[in-house]
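# Tertiary structure, described
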Amino acid sequence: MEQSKCNLCPHRCNVNRASGERGFCGAGALARVALVSLHKWEEPCLVGKDGRGAGTVFFSHCNLRCCFCQNHKISHDGKGIDVTDGRLAEIFLEQQKRGAATLDLVTPTHFAPQIVHALQRAKERGFALPVVWNSGAYETVELIEALKGSVDIYLPDLKYMDAASSREYSAAPDYFAAASKAIAAMVAQVGPMTFRADGQMTRGVLVRHLVLPGHRHESMRILDWLWQTFGDTIQVSLMNQYTPMYHAADHKPIDRRLTTFEYESVVNHALDLGMTHCYTQERRAASEEYVPNFDGSGVIVQ
């Protein structure tokens, strides 16, 4: 995982981030963090039985350009605070001390070297939380293999199957080709899901899929692929929280909210397939109030 020739993701920019060059994602040599928090609205198996929350660490920048991104201030604009690997290790330990059920690394791909180093330093000081790799699934197989031993739970957001969708909405026409291989590598690495007696996941893969307006049939084909490829060895989370934010108004048909019919038809398809490990969301989850305030909380020692 070199930064002198950065090829961490499928863009393979080959830039020297160590000397100040920036690739597609815009990330530099140091990890940049926008928010450290206890997040109570992640999937139940990640927040603990008592709902104390996942220990989220939101990283700035992203290797996708989703036109509807609710976190665009940090993913596209790069808002955040640069931290050393040492400070990042301290943040991980602080999340454990706060009582987080898991360490939830949000959009971590482009900072993989810094994260792995920080995890090593934190573990030397007693860090023991399950580590969640919460990504957009646009990863390389080589990166997933390099994360072996550092990550316990993979949480990829499988966004699209059609190249036309991923090209227009996220500037990644090869999205599914890359994401499908990466997810297969994740499952091969960590194996079937394992849970504690209280229902908290300790190892495995949880695939999220956000149902987009006008794309319910694409969502169904994504479910077909997941079921045919992995069966019930993975957890699936079907999200209906799509809110037309950022530049979504410029792209039909995602310039509107998801209808109840669209979402329920995808849920019914999952049931028809025989999926039993599948989370669903209530309608009220589609709201801007669930967008975090990226004010840098928890990043700098107060």
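Figured I'd write up the structure that's included with this text. Keep in mind that this is a model prediction, so the values were computed, not measured. (Residues numbered from 1 in each chain as written. Predicted model: local features only at pLDDT ≥ 70, side-chain atom pairs only at ≥ 80, totals over all residues. Heavy atoms only, no water.)

## Focus on the packing of aromatic side chains
Tallied over the entire structure, the rule returns eight aromatic pairs. Their ring planes at 45° and their centres at 6.3 Å tell us that Phe92 and Phe127 sit as a pair that is tilted. Taken together, the residues Phe92 in helix H3 (residues 85–97) and Phe127 in the loop between helix H4 (112–123) and strand E5 (131–135) connect sequence positions 35 residues apart. A residue is classified by how much of its surface remains accessible, and Phe92, at 0% relative accessible area, is buried. Given the relative accessible area of 6%, Phe127 is considered buried. Geometrically, the ring pair formed by Tyr160 and Tyr175 is edge-to-face, given 5.4 Å between the ring centres and 80° between the ring planes. Placement of Tyr160 in the loop between strand E6 (153–156) and helix H6 (163–170) and of Tyr175 in helix H7 (residues 175–190) is noted, with a sequence separation of 15 residues between them. (Phe/Tyr/Trp six-rings, centres within 6.5 Å; stacked < 30°, edge-to-face > 60°. Helix = DSSP H or I, 4+ residues; strand = E, 2+ residues; numbered from the N terminus. Buried < 20%, exposed > 50% of the residue type's maximum accessible area, 1.4 Å probe, protein only.)

## Topic: the packing of helix H8 (residues 216–230) against helix H9 (residues 260–273)
The geometry of H8 relative to H9 is characterised by a closest axis approach of 9 Å and an angle of 20° between their N-to-C directions. On the basis of their axis angle, the class for H8 and H9 is roughly parallel. Seen from above, H8 lies across H9 with right-handed handedness. Seen from H8, the contacting residues are Arg216, Ser219, Met220, Leu223, Asp224 and Trp227; seen from H9, they are Phe261, Glu262, Ser265, Val266, His269, Ala270 and Leu273. In the contact of H8 with H9, the residues fall into seven nonpolar, three polar and three charged. (Axes fitted to C-alpha atoms, helices over the stretch in contact; angles between N-to-C directions. Parallel < 35°, antiparallel > 145°, perpendicular 65-115°, else oblique. Left-handed = near helix turned anticlockwise from the far one by under 90°. Contact = heavy atoms within 4.5 Å. Nonpolar A, V, L, I, M, F, W, Y, C, P; charged D, E, K, R; others polar.)

## Side note on H4
Here H4 contains twelve residues, and its C-alpha end-to-end distance of 16 Å stays within 8% of the 16 Å for a straight helix at 1.5 Å per residue. The complete set of buried residues in H4 reads Ala112, Pro113, Gln114, Ile115, Val116, Ala118, Leu119 and Ala122. Of the surrounding secondary structure, the elements contacted by the buried residues of H4 are strand E1 (31–39), strand E2 (54–59), H3, strand E4 (103–106), E5 and helix H5 (141–146). (Expected span 1.5 Å × (residues − 1).)

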